[in-house]
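Each chain, letter by letter, is given below.
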Amino acid sequence: MAMKPETDGAALPQLTTIDRMALPDAVDGRNGTNRASGNRPQIRADNDVDAIKAWLARFLDTKTTFDNYRKEAERLLLWSTLQNGKALSSLTHEDMLSYQHFLSDPQPALRWVMRDGRRFGRADPAWRPFAGPLSVASGRQAMVILNVLFSWLVHAGYLAGNPLSLSRQRGRRAPPRITRYLEQDLWTEVKRTIDAMPQTLARERAHHCRLRWLFSLLYLCGLRISEVVGNTMGDFFCRRENDGTERWWLEVLGKGDKRRLIPASDELMQELAHYRLELGMMPCPLAQEATPLLLPIAGKARSLTRGAVHAIVKQVFEQAADRFRLRGPAFESHAERLLQASAHWLRHTAGSHMANSGVDLRHVRDNLGHESIATTSNYLHSSDDKRHAETQQKHRIDW
């Protein structure tokens, strides 16, 4: 016989962000069936919202990690209380299996999914926890993050056990070959799309110039969106070598608050100078200059949000897809692939093109900020025909 939800006879909480969440007593976790007993807790929290906030506080200094972890914890908490009628601290292994299915198709969509594919701010009444169904990879990543949450709450003496600990443990496998990148013909069409944009009006010229600069940053430097919005033009610097050669570099604060040096090629510096001149600035940045790497076309000199940069890149991909469609049904698959792409694909594209152009994998690793060259090796995308021909030609026994 199915168990009655803990909210039986009580009002369900309203859908809102964890920052403003006020759960009714029946599902706030004070009496959760998985609460630890008999141990001295290591955190002051006595309800699920405060316990999650205590966990999230560990990541306040790393915005990208904090945002991702908050998103997954918030989604589970909302599903648990609104859809499942249970406190998060009452969830079982079976509940988590149901939640995994929910992630692949959050229903009812009107409650859970933002309308028209748009992304609304967290304070907007139209905000919803999901932009759409999660892919298999995204769903798997969500469960990894939630496993971290549950494990920490057990270690902190808040929960008695981790409902995800019974999940099937897969053996460690080599990471799959990177597939989310733009093949050369798609990348060429993206560049042509930008070059074909109108430049008659001042705003059109500013938009075109900014696009060239943004796509140069993403491709030549292999930057993440968070690195585009989180660094400044003052992070460029010039170093004179012993032979008198001057080389420009970009020092980036990236994922995990790690710094890396990226070669700033002549091509990149030319695009930067063109962009700065369009903005009425000197062509070369000054040391410690606080100007963001990418600016709004009009208004204050402030950094764009990650969402805004994501939308700019997606719009270019959509226009490039339209150009493919005009060439006939034979190019429909090209258009569809571009519509799947995101700004992060340009980082993978940079790695793939560098690797296939013969750039030393150690250099590719350092440019992209990978911990291991094993990660970088996944960017090798030689075609099977070429691989066969080269193996036949160069790997011989010669009896």
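None of these values were measured; they are calculated from a predicted model.

K.L.:
Can you help me understand the pairing of strand β3 (residues 259-264) in this one?
P.N.:
Where a strand is regular, its side chains alternate between the two sheet faces. Only one face of β3 is buried: it carries Arg260, Ile262 and Ala264, and the other face, with Arg259, Leu261 and Pro263, is open. Here strand β2 (residues 246-253) runs beside β3; their pairing, made up of six bridges, is antiparallel. Bridge pairing in β3 places Glu251 opposite Leu261. Hairpin connection of β2 to β3: five residues between the antiparallel strands, including Gly256 at a positive phi of 70 degrees.

K.L.:
Even after reading the chapter, I still don't get the pattern of salt bridges, so can you show me in this structure?
P.N.:
When the charged atoms of two side chains lie near each other, side chains of opposite charge can form a pair. Across all of its chains, the model carries 22 salt bridges by this definition. Ionic pairing is found between Arg337 and Glu183, a salt bridge with its closest N-O pair at 3.1 Å. A residue pair is termed long-range when its members are at least 10 positions apart, and Arg337 in helix α11 (residues 332-340) and Glu183 in the loop between α5 (136-155) and α6 (184-195) qualify at 154 residues. The exposure class assigned to Glu183 is partly exposed, which follows from its relative accessible area of 29%. Notably, a salt bridge pairs Glu189 with Arg323, separated by 2.7 Å at the nearest N-O pair. With Glu189 in helix α6 and Arg323 in helix α10 (residues 306-325), this residue pair connects regions lying 134 residues apart in the sequence. By relative accessible area, which is 30% here, Arg323 ends up partly exposed. Residues joined by salt bridges that share partners form a network here, namely Asp19, Lys63, Asp67, Arg70, Glu74, Arg122 and Arg306.

K.L.:
What should I look at first to understand the sheet that holds β3 in this one?
P.N.:
Paired through backbone hydrogen bonds, the strands of a sheet run either parallel or antiparallel to each other. Spatially, three strands are ordered β1-β2-β3 in an open sheet, and the strand pairing comes out antiparallel. Since the sheet does not close on itself, it has two edges, and those belong to β1 (236-240) and β3, each with one partner. Recorded for the sheet is a direction-independent mean angle of 35 degrees between the axes of neighbouring strands.

K.L.:
Help me understand the environment of Arg35, please; the structure alone is not making it clear to me.
P.N.:
Mapped onto the fold, Arg35 is located in the segment before α1 (48-56). On the basis of relative accessible area, Arg35 is assigned to the partly exposed category, the value being 21%. Along the sequence, Arg35 and Asp46 sit eleven residues apart, while their C-alpha atoms lie 9.6 Å from each other. Within the structure, the side chain of Arg35 is placed 3.3 Å from the backbone oxygen of Asp46, a separation counted as a polar contact.

K.L.:
What am I meant to see in α1 here?
P.N.:
Each α-helix winds once per 3.6 residues, and so residues spaced three or four apart point in a common direction. Of all the positions in α1, only Asp48, Val49, Ala51, Ile52, Trp55 and Leu56 are classed as buried. Take α1 and look down its axis: the buried residues cluster within an arc of 165 degrees, on one side only. Buried-residue contacts for α1 involve α2 (63-83) and α5. Capping the start of α1 is the job of one residue whose side-chain oxygen sits 3.2 Å from the backbone nitrogen of Val49: Asn47.

K.L.:
What am I meant to see in the nonpolar core here?
P.N.:
As a rule of thumb, nonpolar side chains are buried together in soluble globular proteins. The biggest cluster of nonpolar side chains holds 51 residues, and the ones touching the most others in it are Leu182 and Phe215. Apart from residues no more than four positions distant in its own chain, Leu182 is found in contact with Trp187, Val190, Phe317, Leu338, Ala341, Trp345, Leu346, Thr349 and His353. Membership of the second largest hydrophobic core comes to 43 residues, among which are Ile43, Trp55, Tyr69 and Leu164.

K.L.:
Sorry if this is basic, but what is going on with the packing of aromatic side chains here?
P.N.:
Aromatic rings considered in pairs are described by the distance between their centres and by the relative angle of their planes. In this structure the tally under the stated criterion is 14 aromatic pairs. On the basis of an interplanar angle of 80 degrees and a centroid distance of 5.7 Å, the ring pair of Phe102 and Phe130 is categorised as edge-to-face. Residue Phe102 is found in helix α3 (residues 93-104), and its partner Phe130 is found in the loop between α4 (109-112) and α5; the two are separated by 28 residues along the sequence. Taking the relative accessible area as the measure of exposure, Phe102 reaches 6% and is therefore buried. Ring geometry for Phe324 versus Phe331: centroids 5.9 Å apart, planes at 15 degrees, classification stacked. Judged by its relative accessible area of 23%, Phe331 falls in the partly exposed class. Aromatic rings pair up to connect Trp79, Tyr99, Phe102, Trp112 and Phe130 into one cluster. In this structure, Arg327 packs its charged tip against the face of Phe331, placed 4.3 Å from the ring centre.

K.L.:
How should the packing of α1 against α2 be read in this particular structure?
P.N.:
Angle between the axes and distance between the axes: these two values describe a pair of packed helices. The interhelical angle for the contact between α1 and α2, taken along N-to-C directions, is 165 degrees, at an axis separation of 10 Å. Here α2 runs roughly antiparallel to α1, going by the angle between their axes. As α1 packs across α2, the resulting crossing turns out to be right-handed. For the pair formed by α1 and α2, the contact residues are Asp48, Val49, Ile52, Trp55 and Leu56 on the first element and Phe66, Tyr69, Arg70, Ala73 and Leu77 on the second. Taken together, the residues of the contact of α1 with α2 break down into eight nonpolar, no polar and two charged.

K.L.:
What is the right way to look at the confidence of the model for the protein chain in this model?
P.N.:
Keep in mind that low pLDDT regions are not for reading the predicted coordinates in detail. Of the residues in the protein chain, 85% have a pLDDT of 70 or more, and the chain-wide mean is 84. This model gives residues 382-386 a pLDDT under 50, and the stretch forms two contacts once residues within four places in sequence are excluded. Across residues 388-392 the pLDDT falls below 50, and counting only partners more than four positions away or on other chains, this stretch makes one contact in the model.

So, how was this worked out
- Residues numbered from 1 in each chain as written.
- Predicted model: local features only at pLDDT ≥ 70, side-chain atom pairs only at ≥ 80, totals over all residues.
- Heavy atoms only, no water.
- Buried < 20%, exposed > 50% of the residue type's maximum accessible area, 1.4 Å probe, protein only.
- Helix = DSSP H or I, 4+ residues; strand = E, 2+ residues; numbered from the N terminus.
- Pairing = 2+ DSSP bridges.
- Salt bridge = Lys/Arg side-chain N within 4 Å of Asp/Glu carboxyl O.
- Axes fitted to C-alpha atoms, helices over the stretch in contact; angles between N-to-C directions.
- Polar contact = N/O pair within 3.5 Å; in protein donor to acceptor, adjacent residues only side chain to side chain.
- Arc of directions from axis to C-beta.
- Contact = heavy atoms within 4.5 Å.
- Core = buried A, V, L, I, M, F, W, Y, C linked by side-chain atoms within 4.5 Å.
- Phe/Tyr/Trp six-rings, centres within 6.5 Å; stacked < 30°, edge-to-face > 60°.
- Lys NZ or Arg CZ within 6 Å of the ring centre and 35° of its normal.
- Parallel < 35°, antiparallel > 145°, perpendicular 65-115°, else oblique.
- Left-handed = near helix turned anticlockwise from the far one by under 90°.
- Nonpolar A, V, L, I, M, F, W, Y, C, P; charged D, E, K, R; others polar.
- pLDDT = per-residue confidence, 0-100.

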